[in-house]
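# Close look at the chain arrangement
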Amino acid sequence: MPGGKKLSRSELIGDAGIALIHGRVAEMGHAWRAQNLDAGIDGSIELRDPATGEMSNQHVLVQSKASNNPFAGETNDRFHYICDERDLDYWMKASQPVLLVCSHPELGEAWWVHIQSYFAEPARRADRRVDFTKSTMRLAGDISEHLFAIADPEGRAHTPVPVLKTEKLTSNLVSVLTPRVALSYATTARKPGDVYRAQRPTELPRRHDFAVANGRIWTWSQADGTALEAATQGSPEAHDIDFLAGDGDSGERLVVQLLSGALRDDLREDCDMDLNRRILYFRAPEDLSMRKWHTGGSHSRTVFKGYPSKKDPSRMSYYRHAALSWRFLRADDYWFCALLPDYYFSWDGRHESNFAASLLTKMKQMDRHAAVRQETLMWASILRREGNLIETPRSRILEFGELQSFVIDRGIDDSAWKRPVEPAVNSGDTELDLFGDSA
């Protein structure tokens, strides 16, 4: 009597391996299609946009190699797999990308490799050996970005795959409340330099909250009794700021100039301005000692610091100042200020270093998202005048609110972001580090 129909143990393990792949593909939101006639390919993945559900008609072929025993050379970190010569020839001739997935179905673990790219090197092709690194080649979680990247036969930028999740984005836009009225005076000044020269002989503090346009000085408050009076003539005319901003491009530009002047005037006790780069930067203390800005709680950030020469520690190589570039924007009749943290490098706490450009370039290369975010939060705090509650409040022209935030229903896989390559840092006088938080 012939025995009944049987399935071998290896066939069951192979089926379990395919089921494991099917499950992982479904978790990512793509479609798995088994291949009934197997000549070296067990199935395919059709990629689907998880955000919209739209099928891409982009396919990745998959060959499964499942085993409940350890693979060759398997440790906790790695193993290798020697491909059959005929299988490898078959996969390399495919017009679509091929994934080789090795798995341990009993343990629910799987690892993948893109065959065509892995064996593009002739030496690898000759060895037929795939070295799997378990930590980086694991078939787990959402690897959709990788699959879309290898599925594009033309090497074009692949379709972004935002995932459906709620995220709160904090922007660099801070709301601005302006005075309702601006004043204008007749003047003989033709440009801002003329106004500063007129203010210079007076013993009163110079004012920066002005603009020169259309033969008049525009400002936010009365010039009488201030240094600005030296550049004005007659009585002022009052202008509604909304009407002025709505008077075409020239009107909006004029208000932006007035807002920039107001910002400089509001920060004049702490910051100087570099006219060439149009940035405000923290003024050095008289003794050139390190200066910090309290940012709330027990935290502070360094806003001025000197760096001694590596060759001669008794000599200061340069000083670094926290700086701010900005841009005023109007949206739906509301004003916002875009904060763009920057740096200023000086050789004596005041005059710009001859190496400022290279120092700034290296600093920008070292900045990460977290550093830029902390600098942005710090400047928003400064504009709101937080952290200096012990000082006697000075009247300010502009009032700043919180950084604008937005709630969105799409997100990105943060873990998929590639970490930037660490820039090389010189060991000489131009060595840099980040302004850091301190508690």
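Just so you know, these numbers come straight off a predicted model, no measurement behind them. (Residues numbered from 1 in each chain as written. Predicted model: local features only at pLDDT ≥ 70, side-chain atom pairs only at ≥ 80, totals over all residues. Heavy atoms only, no water.)

Burial analysis of strand β6 (residues 109-114) places five of its six residues in the buried class, the great majority of the element. Bridge analysis of strand β5 (residues 98-104) against β6 gives six bridges, and the strand direction is antiparallel. Counted as the bridge partner of Leu-99 is His-114 from β6. Between β5 and β6, which pair antiparallel one after the other, the connecting turn spans four residues, and Gly-108 there sits at a positive phi close to 70 degrees. (Buried < 20%, exposed > 50% of the residue type's maximum accessible area, 1.4 Å probe, protein only. Helix = DSSP H or I, 4+ residues; strand = E, 2+ residues; numbered from the N terminus. Pairing = 2+ DSSP bridges.)

Looking at the secondary structure, you find His-208 in the loop between α6 (192-199) and β10 (210-213). Here the side chain of His-208 touches Tyr-196 through a polar contact of 2.7 Å, side chain to side chain. Sequence-distant contacts of His-208, that is, excluding residues within four places in its chain, are made with Tyr-196, Gly-261, Arg-264, Asp-265 and Arg-268. (Polar contact = N/O pair within 3.5 Å; in protein donor to acceptor, adjacent residues only side chain to side chain. Contact = heavy atoms within 4.5 Å.)

There is about 820 Å³ of room inside the largest pocket. For the largest pocket, the lining is made up of 26 residues, of which Tyr-196, His-208, Arg-264, Met-273 and Leu-275 are closest to its centre. When contributions to the lining of the largest pocket are tallied by element, the ones reaching two or more residues are α6, β10, α8 (248-266), β13 (271-274) and β14 (279-282). Residue composition of the lining of the largest pocket, grouped by class: twelve nonpolar, five polar and nine charged. (1 Å grid on protein atoms, 1.4 Å probe; cavity = no way out; pocket = protein on both sides within 12 Å on 5 of 7 lines; lining within 4 Å. Points joined across faces, edges and corners; volume = space filled by probe spheres on them. Nonpolar A, V, L, I, M, F, W, Y, C, P; charged D, E, K, R; others polar.)

Once that is clear, we can look at the packing of aromatic side chains. Overall, the coordinates contain eleven aromatic pairs when judged by the stated rule. Aromatic pair Tyr-307 and Tyr-318: ring centres 5.0 Å apart, planes at 15 degrees, arrangement stacked. One end of the pair, Tyr-307, is in strand β16 (residues 299-308); the other, Tyr-318, is in strand β17 (residues 316-331), and eleven residues separate them in sequence. Residue Tyr-307 is classed as buried on the basis of its relative accessible area of 9%. For Tyr-318, a relative accessible area of 1% corresponds to the buried category. For the pair Tyr-318 and Phe-345, a centre-to-centre distance of 5.9 Å together with 65 degrees between the ring planes defines the contact as edge-to-face. (Phe/Tyr/Trp six-rings, centres within 6.5 Å; stacked < 30°, edge-to-face > 60°.)

This brings us to the pattern of salt bridges. If you walk through the whole model with that rule in mind, you get 23 salt bridges. Its salt-bridge partner being Asp-131, residue Arg-129 comes within 2.9 Å of it at the nearest N-O pair. According to the relative accessible area criterion, Asp-131 is partly exposed, its value standing at 36%. A salt bridge links Asp-333 to Arg-330; the shortest N-O distance between them is 3.1 Å. Assessed through its relative accessible area of 56%, Asp-333 is described here as exposed. Residue class for Arg-330 comes out partly exposed when judged on its relative accessible area of 26%. (Salt bridge = Lys/Arg side-chain N within 4 Å of Asp/Glu carboxyl O.)

As summarised here, the arrangement of the five strands in space is β1-β2-β3-β5-β6, forming an open sheet in which the pairing is mixed. Two strands close off the open sheet at either side, each with one partner strand: β1 (31-34) and β6. Between one strand axis and the next, the sheet turns through 30 degrees on average, direction left out of account. With four bridges connecting them, β1 and strand β2 (residues 43-48) associate as antiparallel partners. When the bridges of β2 are listed, Trp-32 appears paired with Ile-45. Along the sheet, helix α1 (residues 9-28) contacts β1, β2, β3 (55-66), β5 and β6; its crossing angle with β3, the most-contacted strand, is approximately 150 degrees. (Axes fitted to C-alpha atoms, helices over the stretch in contact; angles between N-to-C directions.)

What follows is about the nonpolar core. As a rule of thumb, soluble globular proteins bury nonpolar side chains together. In this structure, Phe-328, Leu-339 and Trp-379 are the most contacted members of the largest nonpolar core, which totals 39 residues. It is α8 that provides the largest number of residues to this core, a total of six residues. Look past the residues within four positions of Phe-328 in its chain and what remains in contact with it is Val-176, Val-256, Leu-259, Ser-260, Leu-263, Trp-335, Phe-336, Cys-337 and Leu-398. (Core = buried A, V, L, I, M, F, W, Y, C linked by side-chain atoms within 4.5 Å.)

Note that His-114 resides in strand β6. A residue is classified by how much of its surface remains accessible, and His-114, at 14% relative accessible area, is buried. Sequence-distant contacts of His-114, defined by excluding residues within four places in its chain, comprise Pro-97, Val-98, Leu-99 and Ile-150.

A separate point is the pairing of β3. Taken together, the five bridges between β2 and β3 define a ladder with antiparallel strand orientation. For Ile-45, the partnering residue across the bridge sits in β3 and is Val-60. Pairing of β3 with β5, which is carried by six bridges, proceeds in the parallel orientation. Across the sheet, Ser-64 pairs through a bridge with Val-101, a residue of β5.

As a further point, take the confidence of the model for the protein chain. Counting all residues, the mean pLDDT for the protein chain is 86, and 87% of those residues have values of 70 or more. Segment residues 420-431: pLDDT under 50, and 23 contacts once partners within four positions in sequence are set aside and those in other chains are kept. (pLDDT = per-residue confidence, 0-100.)

Within the structure shown, the criterion is met by zero disulfides. Of all cysteine sulfurs, the one in Cys-83 lies closest to Cys-102, which takes part in no disulfide; the gap is 7.7 Å. On the basis of relative accessibility, which here comes to 0%, the residue Cys-102 falls in the buried class. (Disulfide = S-S within 2.5 Å.)

Our focus in this paragraph is the sheet that holds β10. Taken together, the four strands give an open sheet; going across it, the order is β10-β11-β9-β12, and neighbouring strands pair in antiparallel fashion. Each end of this open sheet is capped by a strand with a single partner; those strands are β10 and β12 (233-240). Strand after strand, the sheet turns through a mean of 25 degrees between neighbouring axes, direction not considered. Pairing analysis gives five bridges linking strand β9 (residues 181-186) to β12, with the strands arranged antiparallel. The partner of Val-181 across the bridge, within β12, is Asp-240. Its contacts with the sheet put α6 on β10 and β11 (216-219), and the angle it makes with β10 is roughly 125 degrees. Strands in contact with α8 are β9, β10 and β11; relative to β10, the strand with the most contacts, it is inclined by about 150 degrees.

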